[in-house]
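This is what each chain is made of:
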Amino acid sequence: MTLFLSIAIIALIYVVIFQIAKASEYVSILKGEEASRKQNNKINGFLMVAFLVLGFIGIYVCNKAYYSKTLLAQGAASVQGEKVDQMLWITLIITGIVFVITQFLLFWFAYKYQESDNRKSFFFAHSTKLELIWTAIPAITLTVLVIFGLRNWFFFTGEPPKNAMVVEVTGKQFGWIFRYPGKDAIFGKKYYKNIDPATNSVGIIWDDNYSQDDILTEQTMYVVKGQPVKLIIGSRDVVHDVGLTHFRLKMDAVPGIPTTMWFTPKYTTKEMREKTNNPNFAYEISCDQMCGNGHYSMKGIIEVVEQEEYDLWMAKQKPQYFVAFPEKDPSAVKADGAAKTDSTAKAATAKM
Ligand SMILES: [Cu+2]
C-alpha cells in the first residue's frame, strides 16, 4: 500500500512539473523570449538564495538531531583516541569554515550578479597571483594536517611504554581469537600447520617452552583501565581488520604479516555504561574489512576492567597447553590423585 502511494505521489509530482513546464513554454511564446528569460533569471536568482538559506538551516537541524547519536559526541575512550578526535576536530573546523565561506559566496554571487541591463560583465582570463594563493594555502594546510596525522600514526604503531601488556589478536572467518603470553610474558612460537580448531586455534608449537603458559580466549578480550595494551594482529585466513571505534583505532589483520598498534583505555566498561547512560554498552571490535559472507557477525567484545578484576579473571584462565593435553595439567592430576586416595581410604574402611 505504502509502495503504491509512493509511486502515485512520484507520478503526480512528475505530471505537475510537466504541466508547469508546458505552461511556462506557452507563456514565453505569448510574452516573447526575451521577457520570459529575464523573468526566469530573477526566479533562479531568488531560488539560489533560498537554497543557500534552506541548506544552512538543514545542516543546523540535522546536526542538532543527530550529533548526539554519533560516537564523536560520546568522546574517545582511549588516550590515543583523543588525539584522533583532536585531528578530526581540527580538520572539521578548517574544512567547515571553508565550506561555509565558499557555499555562501557561490550562491550569493549567483543572486547578486544575475543578468542586469545596467551592468556589463567583466572579462577575467587569468591571474598567476590568484592561482598561486589558492594553490599554496590548501597545500600548506594539508601538509600541516598530514604531519599531525603521521606523528600520531608513528606514535600508535610504534613501541608502547614498558609497562604495556601485550595481546595477540587473530582474525578468522568469522571471529576473533586472543592470546595472552602467560606468566613468562613471552608468546610461544606458532606454525600454521599446527592449527587445530578444537585445541590449538592459532597453531602454537607446544615444544616451545614459552608456549606452555599461553592463554587463549575467543570473542572477549580483557584489558586494564589506564594500562597501555599492545595488540599484535594477524589473521588465520583472509584479510580482516581490527576496528576499535570507541578507541578510535583500526588496523588490518593480514595473514602472514603481523601488524601492531597500542592504546591506553581511559574508562572501564562500567564507567562507559554510566557515561553513555546505556546499561548494555560494550566496547566492540568490529571487523572493518569485507571478509566473506559472515563478515557482519564478526564482532568481538573488549572488557575494560580495573586491575583487581583483571587479576581475578586471569587467575581463572587455564593455559591452553593444559586444554590440549589435559593429562599434563597438574591441577587435574592433583584432583585425580585426591580422588584416588579418597576411594582407597573408603575401600579400606569398607574392608575393616
Ligand atoms: Cu573479518
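Scroll up to find the structure this text is about.
Colleague: Break down the nonpolar core for me, with residues and values.
Modeller: With 38 residues, the main nonpolar core has Tyr180, Met221, Leu231, Val242, Leu244, Ile302 and Tyr310 as its most contacted residues. Sort the elements by how many residues they give to this core and strand β4 (residues 220-224) lands first, with four residues. Contacts of Tyr310, omitting those with residues within four sequence positions, involve Met165, Tyr180, Tyr222, Val223, Val224 and Val305. By size, the runner-up hydrophobic cluster in this structure holds eight residues, among which are Ile177, Leu216, Tyr321 and Phe322.

Colleague: Please provide a residue-by-residue account of helix α2 (residues 33-66), values included.
Modeller: Over its 34 residues, α2 runs 47 Å from end to end, which matches the ideal 50 Å to within 8%, given 1.5 Å per residue. Here α2 has its buried residues at Ser36, Gly45 and Leu52. Its buried side turned inward, α2 meets α1 (2-31) and α4 (79-112).

Colleague: Residues and numbers for the pattern of salt bridges, please.
Modeller: Under the counting rule described, the total for this entry stands at 13 salt bridges. Between Lys225 and Glu271 there is a salt bridge, with the nearest N and O atoms lying 3.0 Å from each other. Taken together, the residues span a long stretch of sequence, with Lys225 in the loop between β4 and β5 (229-235) and Glu271 in helix α6 (residues 269-275) at a distance of 46 residues. Put simply, Lys250 and Asp241 hold a salt bridge, and the shortest N to O gap is 3.4 Å. Judged by its relative accessible area of 46%, Lys250 falls in the partly exposed class. On the basis of relative accessible area, Asp241 is assigned to the buried category, the value being 2%. Because the salt bridges share partners, they merge into one network encompassing Glu168, Arg179, Lys190 and Asp214.

Cut-off values and rules
Residues numbered from 1 in each chain as written. Predicted model: local features only at pLDDT ≥ 70, side-chain atom pairs only at ≥ 80, totals over all residues. Heavy atoms only, no water. Core = buried A, V, L, I, M, F, W, Y, C linked by side-chain atoms within 4.5 Å. Buried < 20%, exposed > 50% of the residue type's maximum accessible area, 1.4 Å probe, protein only. Helix = DSSP H or I, 4+ residues; strand = E, 2+ residues; numbered from the N terminus. Contact = heavy atoms within 4.5 Å. Expected span 1.5 Å × (residues − 1). Salt bridge = Lys/Arg side-chain N within 4 Å of Asp/Glu carboxyl O.

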